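Chain residues, written in single-letter form:
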Amino acid sequence: MKVVVSTHQGILYNEEVQYIVVKNTDGEFAILNNHIPIVSVIKEGYIKLVDEKQTLYVVIINGILEFKNNEANILAQEAQVGEDYDKAKKYLEQIIKDRLNDNRKKNIDYTKTENDLKKNIHASKAGNL
């Protein structure tokens, strides 16, 4: 079966596998070739990708899985592929942490810039006749 994992940043994984195991808040289930069509929400969980050569894990936050015609399409807000679940989860957590820190810095910079702009407008006496 073909598995495609996408996030807002693009395609994260696009390969053929033998089967997948999906873990979400409802539990765990496997999908093999020729499985009936299914749609599943993955609020927080993983997809285990199994083929002859290796097993990989895709840790997912806020995702949806659609399986039909032997193709699993996963669209996720956040996702990360790893050799095992713990490595993938730690890497994803670090990425989220770094993004939050970057956003905080940007917000502080915007606040400082806005304050500087207000001071300069006031000092220039713009709008006074």
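For the structure, see preceding data.
Each chain carries its own residue numbering, running from 1 in the direction its sequence is written. Predicted model: local features are reported for residues with pLDDT of at least 70 only, side-chain atom pairs are reported and counted for 80 or more only, and whole-chain, interface and lining totals are derived from all residues. Values reported for side chains reflect all heavy atoms of the structure, with hydrogen atoms and water molecules removed beforehand.

Teacher, can you tell me more about the sheet that holds strand β3 (residues 19-24) here?
Sheets are built from strands paired through backbone hydrogen bonds, the pairs being either parallel or antiparallel. When DSSP locates at least two bridges between a pair of strands, those strands are taken to pair. Think of it this way: any DSSP run of H or I at least four residues long counts as a helix, any run of E at least two long counts as a strand, and we number them from the N terminus. Spatial ordering of the open sheet is given by β2-β1-β7-β6-β5-β3-β4, a layout of 7 strands whose pairing is mixed. Since the sheet does not close on itself, it has two edges, and those belong to β2 (10-16) and β4 (27-31), each with one partner. Averaged over neighbouring strand pairs, the angle between their axes works out to 35 degrees when direction is ignored. Taken together, the 5 bridges between strand β1 (residues 2-7) and strand β7 (residues 71-82) define a ladder with parallel strand orientation. By the bridge assignment, V4 is partnered in β7 with N73. Here, axes are lines fitted to C-alpha atoms. For helices the fit covers the stretch in contact, and angles between N-to-C directions go from 0 to 180 degrees.

For this particular structure, what's the right way to read the pattern of salt bridges?
Pairing between side chains of opposite charge can happen when their charged atoms approach one another. In the sections that follow, a salt bridge refers to a side-chain nitrogen of Lys or Arg positioned within 4 Å of a carboxyl oxygen of Asp or Glu. In the structure shown here, the tally under the stated rule is 6 salt bridges. Residues joined by salt bridges that share partners form a network here, namely E44, K89 and E93.

Just checking my understanding: could you explain the pairing of strand β5 (residues 38-50) for this structure?
On a regular strand, one side chain projects to one face of the sheet and the next to the other, so that they alternate. Bridging between β3 and β5 involves 5 bridges; their strand directions are antiparallel. Residue pairing across strands places I20 opposite L49, the latter belonging to β5. The pairing of β5 with strand β6 (residues 55-68) spans 12 bridges and is antiparallel. Bridge pairing links I47 to V58 in β6. Hairpin connection of β5 to β6: 4 residues between the antiparallel strands.

What's the story with the nonpolar core in this structure? I'm lost.
Generally speaking, a soluble globular protein has its nonpolar side chains buried in company with each other. Membership of the largest hydrophobic core comes to 20 residues, with the highest contact counts inside it found for V3, I20, I47, L49, I60, L65 and I74. Those elements that place two or more of their residues in this core are β1, β3, β5, β6 and β7. Contact definition: two residues touch when any of their heavy atoms are within 4.5 Å. Sequence-distant contacts of I47, defined by excluding residues within four places in its chain, comprise I20, V21, V22, I42, L56, Y57, V58, I60, L65 and I74. What we call a nonpolar core is a set of buried Ala, Val, Leu, Ile, Met, Phe, Trp, Tyr and Cys residues that are connected through their side-chain atoms within 4.5 Å. Between buried and exposed lies partly exposed: a residue is buried under 20% and exposed over 50% of the maximum accessible area for its type, with that area taken using a 1.4 Å probe on protein chains only.

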